[in-house]
Amino acid sequence: MKTIKHSYGADLDWVAPFAKQLEGKVNGNFIVVPDTLFKGSRYVLDCGDGIVAYYVDVTNNRDVNLIQKNISNDFIGIYYNLSEGEVKYSSSNFKHNVGRWQYNLLVIDSSLETNYFIKAGSKSYVLCIFIKKSMMASYAQKNNITLRDIDKITDPSKNTIIRFDRMSSESFHLIDDLRKLKVGGPVFDLNLTGTVHLLLSNFFKKMSSVRIIIQTVNESDLANIIAIQMFLINTIEDHFPTIKLMAHNANMSESKFKDLFKKITGKTPNTFFIENKLLKAKELLEGKQLTITQVSDRLNFTNNSYFASKFKEHFGIAPKIFVKQL
Amino acid sequence: MKNFTHFYSLTPEWQHQLAEEIGGELIDNKIIVLPKTLGHGHSFFTQITPGISAFFMDFVLSTPIKINRLKSEDELYIFHFDQSDQANLIKIDNIDYKIGSSINLGLAIINNNIESSFEPAVGQRTLALRLLVDKKLLNEFVENHPSEEFTNRKITIEKKAPYYYDNIDSNSILLIQSLKSKSVFDSSFEPYLKGTSLKLLGNFLNRYSNSAAVKNESTEIEIEAIAKTKTYLLDHLYNPFPSVPFLSKMAGMSPSKYKMLFKKEFHNTPNNLFIKEKMLLAYKLLQSGDYSTLTEVIYELNYTKLSYFCTKYYDLFHRKPSQDFIKKIKKKQVASQFSVPYIQRENDM
C-alpha cells in the first residue's frame, strides 16, 4: 500500500507538493502522474472568487491511502464522489464507504484530518470544490440565506462541519455531462467553471431548504433505499416496477418506502424513474444512432406521442426539435 | 412606441442609466424591475468572471418599446440567446432580424461597436440571455483552441460581419429553458445563471470547433443499409438496373430518403454508379478477348442497343468501345501458333 500525505486548499499552493507526493509533476492545469499508480486525468482549475475545482477521473492501479492534513483551515471541501469500487473515507470519529452508490456528497471542514483509502482496481471519478469559508459567509449574507450551520461553518474555532449526503439527481447529471467532454482546453475550463457554479447553486438551495439530514436515517434503511435507486437506474429501459415490488425488496411497508424514498432522494419513486428515463432518452438521441421511434420503443414508452409529450414537458422542447438542432 | 437608449459595459454601472430611463427599480445593482406602465418582469445582470458578464431578461410587455443600444468604448461581443414565445426584432444597420420563438434562429452575435436596437414582442413572454464577452478574451479562447482550422474560420466570420446569426444547439436550449422556471429573486439564481452562461459559452466554442466534423449525420444502421444495396448492385452488374423503389425497399427507407442518403454517401446516384461500374466491367470484357463481336459483349451486360451502350461508354472513357475491343478470332489463335516456333528459332540463335 502506498501512503500519501497531502493538503488541499482554496488556492493553488497545494498542487505542486501534492504532485510531487504522487511521483508526478504539474503540467499546466494537469497533474501528471505515472500510469503505474493511476491512469487517467487530474485537473485543477481556479474558478475565481476563492473557489478551486479539482477534477479527478482515474483508474487506481494500487492500494492507496491518502491522508489529508491541511495547512490552512479556512476552507470547506465539497466532494462529489462518483467512484465505483471500494473507497473508504475515515477520520478519528467516523468511517464510511463512499462512491456512486454510497454516500456521494461529502462536505468536510478543512480543519479535519482525514484518511481516504482507495482499493486497487477501483475507478475514481470525483469533483472536489474547495471554497473559502469567508466566501461562503459573504455569499450567504448577500443572499439572505439563513443557514442553520452558518456560524459553525464560518468560525474555525467552533464546531467543525462534516456532512455525508447523497447528491440530487440534477447535480449527478451535471457531473455526468462534464465527463463527456475532453479534459483540458478553454471549452472544458468554461464548462468546469459553469458546472461548479451550478453545483454550488444546487448546494446552497439544498442547505437553505429544510430537509432531512441523511445521517439521521437508519443505516440499513438508507442502504436499502439506495439499493432500490440503483435497481431503478439499472432497469431504466423497462417499465416502472411496482411500488409493491420495490417496497418488498427494501423490506419495508409501502408507505414507509414511499416516504423514505422521497425524503432521501427528494422525489417520488415514479418521478425519479421518469426523469432518469428521459435523461437516458436525451443521451440516446444525442448519440444520433437511433431515431425518435427507436428510442421511444427501446425505453418502453407506449407510443411516440406519449414519449414526445413527456420529453417536452420535462425539457421544454420536443424531441424532434432537439434532434434537429444538435 | 417608447424609445429607450442605453449602453453596455462589463461592470454593472450602466444599469443605473437604463433603470432611470424606463422608470424601473434597481435592486442590489443586479435586478431591474420593469415598471407597471410598461409590463411586468425583470432583468438580471451579473459579472461572471473578469471579461464575461451576463444580462438576463424575462418579462411580458404591455406597451411596445424599443431599446436602442449605443455603441460604447468597451471592446465586446454580445451573444444574444433568445427563447421567447414570440419573435422579437433586432435591428442592426437598419435591417430587421427576427429572433426567438421556435421558428426563427435563436442566437445572434453582435459587435458592441455597432449600434443596434431590440424590439421585444408585446403581450408575450420575452426570455433572452445576453452574454457580454471581452473581445480579447474570446480571441484568446479561440487562439488557445487546439484545432488550427477553427481559429482561422472563426476569425474570418467575426471580421467580415458585424453580426452573426445562428441556431442555438439543443443542449444550450435546454439550459436556457431551465432558467425559465427559476426566479431571479431566489438566492441560488446568481450562481445558477453564472454556471449556465459559462456552459453556454463552452457549448458555443465546442460547436464551432466540431462543426467541421459534423457531416456524418446519418445513423450507422442507415449507412449499413445503403452499403448493402451498393454491394447488391455490384453483385448484379450483369442484370438491368433493379430500380430505385426496389433498392429503397431493400434498405428499408422511402425512395426519396434512399436517393438522398445514397448520394450523400457515395456522391453519385444509384443508377449512375451502376452504369459506371457496368462500363468498367465492359472494359474488362472487351479487353478479355473472349468475344468475337461487340454485340455479344453488350448482350452479356444486358444491353439491347449497341448505340446506347456506345454512348454511355464514350461518356465515361471518351473512347469508342471498338477502340478497346480485342476480338476473339481463330486467326489470332493461328497467328500465335505461328509465332511459337518463330520465337524458338530466335532462341536457337
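Rules behind the numbers
- Residues numbered from 1 in each chain as written.
- Chains lettered and ligands numbered in written order.
- Predicted model: local features only at pLDDT ≥ 70, side-chain atom pairs only at ≥ 80, totals over all residues.
- Heavy atoms only, no water.
- Helix = DSSP H or I, 4+ residues; strand = E, 2+ residues; numbered from the N terminus.
- Buried < 20%, exposed > 50% of the residue type's maximum accessible area, 1.4 Å probe, protein only.
- Domains from an automatic or database assignment.
- Contact = heavy atoms within 4.5 Å.
- Buried area = accessible area lost by both parts, 1.4 Å probe.
- Salt bridge = Lys/Arg side-chain N within 4 Å of Asp/Glu carboxyl O.
- Polar contact = N/O pair within 3.5 Å; in protein donor to acceptor, adjacent residues only side chain to side chain.
- Patch = residues over 30% accessible without salt bridge, like charges linked within 9 Å, V, L, I, M, F, W, Y side chains within 5 Å.
- Areas by Shrake-Rupley, 256 points an atom, 1.4 Å probe, with all protein chains shown as cover.
- Lys, Arg positive; Asp, Glu negative; His and termini not counted.
- Charge placed at Lys NZ, Arg CZ, Asp CG, Glu CD.
- Axes fitted to C-alpha atoms, helices over the stretch in contact; angles between N-to-C directions.
- Parallel < 35°, antiparallel > 145°, perpendicular 65-115°, else oblique.
- Nonpolar A, V, L, I, M, F, W, Y, C, P; charged D, E, K, R; others polar.
- Pairing = 2+ DSSP bridges.
- Expected span 1.5 Å × (residues − 1).

Named according to an unreviewed UniProt entry, chain B is AraC family transcriptional regulator originating from Flavobacterium shii.

As annotated in an unreviewed UniProt entry, chain A is AraC family transcriptional regulator from Flavobacterium shii.

**A look at the side chain of Asn81 of chain A**
Inspection of the secondary structure assignment puts Asn81 of chain A in strand 7 (residues 75-81). A relative accessible area of 1% places Asn81 of chain A in the buried class.

**Concerning the domain arrangement of chain A**
All names here are of chain A. The assigned domain composition of chain A is domain 1 (2-212) and domain 2 (217-324). Each of domain 1 and domain 2 has a C-alpha centre, and these two points are 28 Å apart. Across the contact, 13 residues belong to domain 1 and 17 residues belong to domain 2. In total, about 1,200 Å² of surface goes out of reach between domain 1 and domain 2, with carbon and sulfur atoms giving 57% of it. Counting across the domain 1 and domain 2 interface gives 2 salt bridges. Among the ionic pairs, Glu286 bridges to Lys180, the shortest N-O distance being 3.7 Å. Applying the counting criterion to the domain 1 and domain 2 interface returns 2 residue pairs in polar contact (both at pLDDT 80 or more). Considering every element that reaches the side of domain 1 that touches domain 2, the biggest residue donor is helix 4 (residues 169-179), with 4 residues.

**Observations regarding a negative patch on the surface**
All names here are of chain A. On the surface, a cluster of negative charge is contributed by Asp11, Asp13, Asp46 and Asp74. Secondary-structure assignment places Asp11 in the loop between strand 1 (2-6) and helix 1 (15-21). Since its relative accessible area comes to 31%, Asp11 is described here as partly exposed.

**Examining the pattern of salt bridges**
Scanning the model with the defined rule gives 18 salt bridges over all chains in all. Taking the shortest distance from any N to any O, the salt bridge between Lys267 of chain A and Glu275 of chain A comes out at 3.2 Å. Of the charged contacts, one joins Lys194 of chain B and Glu190 of chain B as a salt bridge, the two residues approaching to 3.8 Å between their closest N and O atoms. Residue Lys194 of chain B and its partner Glu190 of chain B are located together in helix 5 (residues 189-210), separated by 4 residues, close to a single helical turn. Taken as a pair, Lys194 of chain B and Glu190 of chain B share a single burial class, namely buried. Members of the salt-bridge network, linked through shared partners, are Asp177, Lys180, Lys282, Glu283 and Glu286 of chain A.

**Remarks on the packing of helix 9 (residues 270-288) of chain B against helix 11 (residues 306-317) of chain B**
Residues and elements named next belong to chain B. One can describe the packing of helix 9 onto helix 11 by two numbers: an axis separation of 10 Å at closest approach and a directional angle of 100°. As far as their axial angle goes, helix 11 and helix 9 are roughly perpendicular. On the side of helix 9, the interface is formed by Ile275, Lys276, Met279, Leu280, Ala282, Tyr283 and Leu286, while helix 11 contributes Tyr308, Phe309, Lys312, Tyr313, Leu316 and Phe317. When the residues that make up the contact of helix 9 with helix 11 are grouped by side-chain class, the tally is 11 nonpolar, no polar and 2 charged.

**Quick word on the domain arrangement of chain B**
Taken domain by domain, chain B consists of domain 1 (2-210) and domain 2 (220-324). A straight line from the C-alpha centre of domain 1 of chain B to that of domain 2 of chain B covers 55 Å.

**Re the sheet that holds strand 9 (residues 94-97) of chain A**
All names here are of chain A. The strand order 1-6-11-8-9 describes an open sheet built from 5 strands, whose pairing is mixed. Both outer strands of the open sheet, strand 1 and strand 9, are each paired with one neighbouring strand and no more. Averaged over neighbouring strand pairs, the angle between their axes works out to 15° when direction is ignored. Both strand 8 (residues 87-91) and strand 11 (residues 114-118) contribute to a ladder of 4 bridges, which runs antiparallel. Counted as the bridge partner of Tyr89 is Tyr116 from strand 11.

**Topic: the side chain of His6 of chain A**
Inspection of the secondary structure assignment puts His6 of chain A in strand 1. Sequence-distant contacts of His6 of chain A, defined by excluding residues within four places in its chain, comprise Phe18, Leu66, Ile67, Gln68 and Lys69 of chain A.

**Quick word on the sheet that holds strand 9 (residues 95-99) of chain B**
Residues and elements named next belong to chain B. Spatially, the 5 strands line up as an open sheet ordered 1-6-11-8-9, and their pairing is mixed. The two strands at the open ends of the sheet, each matched to only one other strand, are strand 1 (2-6) and strand 9. With direction set aside, neighbouring strand axes in the sheet form an average angle of 25°. Direction of pairing for strand 8 (residues 88-92) relative to strand 9: antiparallel, over a ladder of 5 bridges. Residue pairing in the sheet places Lys91 in a bridge with Asp96 of strand 9.

**Let's talk about the environment of Leu198 of chain A**
With respect to the element layout, Leu198 of chain A can be found in helix 5 (residues 185-208). Judged by its relative accessible area of 2%, Leu198 of chain A falls in the buried class. Put simply, Leu198 of chain A and Leu127 of chain A are 71 residues apart on the chain and 13 Å apart in space, counted from C-alpha to C-alpha. If sequence neighbours within four positions are ignored, Leu198 of chain A has contacts with Leu174 of chain A together with Pro191, Tyr192, Gly195, Thr196 and Lys199 of chain B.

**Overview of helix 9 (residues 269-286) of chain A**
Between the first and last C-alpha of helix 9 of chain A there are 26 Å, a value that for 18 residues agrees with the 26 Å anticipated at 1.5 Å per step. Three or more residues of helix 9 of chain A are buried, namely Pro269, Phe272, Phe273, Glu275, Asn276, Lys277, Leu278, Leu279, Ala281, Lys282, Leu284 and Leu285 of chain A.

**Some thoughts on unusual backbone geometry**
Residue and element names in this part refer to chain B. A positive phi angle is found at Ser243, which is not glycine, with a value near 80°. Here Ser243 lies in the loop between helix 6 (220-235) and helix 7 (244-251). Taking relative accessible area as the criterion, Ser243 reaches 30% and is therefore assigned partly exposed. With phi around 55°, His318 is a residue other than glycine that occupies positive phi space. Topologically, His318 is positioned in the loop between helix 11 and helix 12 (321-324). Given a relative accessible area of 56%, His318 falls into the exposed group.

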